[in-house]
Amino acid sequence: MEAYKESNTSNGNIVRILLILTVASQFDGASFEGVAKIVMYIAWCAIFIIYIFTLKYIDRTSYILVGMTVAGLLIVQYAVASIVIDNYSPPIIVPFITSILFYIVGMLFYKTGLNSRDLQMALRAYCIICIFLGIYIWTKYYGSLNNWFNIDQNLYPKKNSAGQILAVGTMISFFYIKSKSKIEKLINVVIGLAMIFIIMIIHCRTALLALCITIFVRLFLLTTKKQKKIIIALVPIVIVVAYNIPFLRGIVNQALYIDKYTVTSEFTLNSFLSNRLDWFFAAYDKFAQSTVTILFGLGKSYVDNLFINVLTSTGIVGLLSIAFAYIKRFIINFKLPLTNDEYHLLKMMSVFYIVESLAEGLPPYGPGACAVIFWFICGYCDVLNLEES
């Protein structure tokens, strides 16, 4: 299903600007980073307000009712818990509310005429600015492969945010953007591979793992039985061949820090998981110290798993709310038919963010605006599906 709406070029241009500003706010250490972040949030809020007043209504999708209700409950919980818990500020509240903003803006852009072609052009611009982000990270923090091979720690402070942004860009470049010629297809593949390379360079193992799983699921599910057999046969062969090429093996070892964790006698599952297990148990011990913290959480607490993070920071009350919204969102996404490119992209991002949420504390809601594409497309597809139904 293609151009179900007439083209609205101005809408496409506005989305391009919003996405460019969003990625520009992730250039950590750049002179324009702070300004870009302020301008980005002002722009998203301004578009939200302008389009709300233009349309004068919001479609009642099944998720908007859930999202707004959960956002309201989190605000009420914050107000109540702040009375009994000092410095109560769970890290999930702002990202969750921000995700609702991005979701509604996606809905509004569909209603005001953003069609598939214009959205493709906007996401093409997103991929281009992602490449500039990758070039910035490479030149500012690493400079050469020799330097990178000699580094045993993460240099880029926002590696997890950048990992999400670049992984989504890879999915868009590989599978969403249409190519009119073989040259364009090759360019899209090269852009996607370049983003994967930067993900490896910044040692964002979670995003890399989630992206690999997503690509495998995408290729495996949307192929014939014969193609499935070929994929199953090729994957181990590619892994074995790549691992027996010293240069490629060196890149993989360094990107995943395999040697760092396996060449010493101190290797454990916990060390390979960046001491996540220690953080889980420490957070749980603090969380379980009183009835108040069990109900409302610790407030200022963060661990690298969405559900444990929400539980320890917002308590059982917050976990039930967030978990309900989370499950509802992904059920909606996976129930969408495979009738257009936007639904395909959204299902891919859903697989990616489910894996991400198991190893990071804020996806698919944050940190910051790095999950903007996911929530924008969620809103866009929900209204599209509502109209088709």
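Please refer to the structure higher up on the page.
Treat the numbers as computed from the prediction; the structure is a model and nothing was measured.

What counts, and where the lines are drawn
- Residues numbered from 1 in each chain as written.
- Predicted model: local features only at pLDDT ≥ 70, side-chain atom pairs only at ≥ 80, totals over all residues.
- Heavy atoms only, no water.
- Phe/Tyr/Trp six-rings, centres within 6.5 Å; stacked < 30°, edge-to-face > 60°.
- Helix = DSSP H or I, 4+ residues; strand = E, 2+ residues; numbered from the N terminus.
- Buried < 20%, exposed > 50% of the residue type's maximum accessible area, 1.4 Å probe, protein only.
- Lys NZ or Arg CZ within 6 Å of the ring centre and 35° of its normal.
- Expected span 1.5 Å × (residues − 1).
- Salt bridge = Lys/Arg side-chain N within 4 Å of Asp/Glu carboxyl O.
- Axes fitted to C-alpha atoms, helices over the stretch in contact; angles between N-to-C directions.
- Parallel < 35°, antiparallel > 145°, perpendicular 65-115°, else oblique.
- Left-handed = near helix turned anticlockwise from the far one by under 90°.
- Contact = heavy atoms within 4.5 Å.
- Nonpolar A, V, L, I, M, F, W, Y, C, P; charged D, E, K, R; others polar.
- Core = buried A, V, L, I, M, F, W, Y, C linked by side-chain atoms within 4.5 Å.
- Disulfide = S-S within 2.5 Å.

1. Comments concerning the packing of aromatic side chains
Under the definition given, this model contains 23 aromatic pairs. With a centroid separation of 5.2 Å and 65° between ring planes, the pair formed by Y63 and Y103 is classed as edge-to-face. Within this pair, whereas Y63 is found in helix α3 (residues 62-84), its partner Y103 is found in helix α4 (residues 93-111), the two being separated by 40 residues in sequence. The exposure classification of Y63 matches that of Y103, with both residues buried. For the pair W148 and F149, a centre-to-centre distance of 5.2 Å together with 55° between the ring planes defines the contact as tilted. Overall, the relative accessible area of 0% leaves W148 in the buried class. Joined through ring pairs, the aromatic side chains of Y63, F96, Y103, F307, Y326, F330, F352, Y353, Y365, F374 and W375 make up one cluster. The residue whose ring lies beneath R329 is Y63, and the NZ or CZ to ring-centre distance is 5.0 Å.

2. Quick notes on helix α18 (residues 372-388)
Taking 1.5 Å per residue, 17 residues should reach 24 Å; α18 reaches 24 Å between its end C-alpha atoms and fits that length. Among the 17 residues of α18, 13 are classified as buried, and the element is accordingly described as predominantly covered.

3. A few points about the pattern of salt bridges
As enumerated under the stated definition, the model contains five salt bridges in all. Linking E33 and K158 is a salt bridge whose minimum nitrogen-to-oxygen distance equals 2.7 Å. With E33 in helix α2 (residues 33-55) and K158 in the loop between α6 (145-149) and α7 (159-176), this residue pair connects regions lying 125 residues apart in the sequence. For D59, the salt bridge identified is with K111, shortest N-O distance 3.7 Å. A residue pair is termed long-range when its members are at least 10 positions apart, and D59 in the loop between α2 and α3 and K111 in helix α4 qualify at 52 residues. Note on D59: relative accessible area 15%, which makes it buried. Classification of K111 by relative accessible area gives partly exposed; the value is 22%. A network of salt bridges, in which partner residues are shared, links D59, K111 and E387.

4. A closer look at the packing of α7 against helix α9 (residues 205-221)
At a minimum axis separation of 9 Å, α7 and α9 run at an interaxial angle of 20°. As the angle between them shows, α7 and α9 are arranged roughly parallel. Our pair here, α7 against α9, has a crossing hand that is right-handed. Residues G163, Q164, A167, T170, M171, F174 and F175 of α7 form the contact with α9, whose participating residues are A207, L211, T214, I215, R218 and L219. In terms of residue class, the contact of α7 with α9 is built from eight nonpolar, four polar and one charged.

5. Some points on the nonpolar core
In terms of nonpolar packing, the biggest core is built from 107 residues, with W44, F96, Y142, I172, Y365 and I373 touching the most fellow members. When residues in this core are grouped by element, the largest group, 13 residues, is from helix α5 (residues 116-142). In this view, I172 contacts L123, Y126, C127, I177, L345 and I373; residues no more than four positions away in its chain are not counted.

6. Some points on the state of the cysteines
Following the criterion strictly, the structure yields zero disulfides and no others. Cysteine C127 remains unbridged, with the sulfur of C130 as its closest cysteine sulfur at 6.1 Å. Of the cysteine sulfurs around C381, a residue in no disulfide, the closest is that of C378, at 7.4 Å.

7. Considering unusual backbone geometry
The linkage connecting P363 with the following residue, P364, adopts the cis geometry, with an omega of 10°. Here P364 lies in the loop between α17 (341-359) and α18. Across the junction of G366 and P367, the peptide omega takes the value 0°, indicating a cis bond. Look at N87: it is not a glycine, yet its phi comes out positive at around 50°. Considering the arrangement of structural elements, one finds N87 in the loop between α3 and α4.

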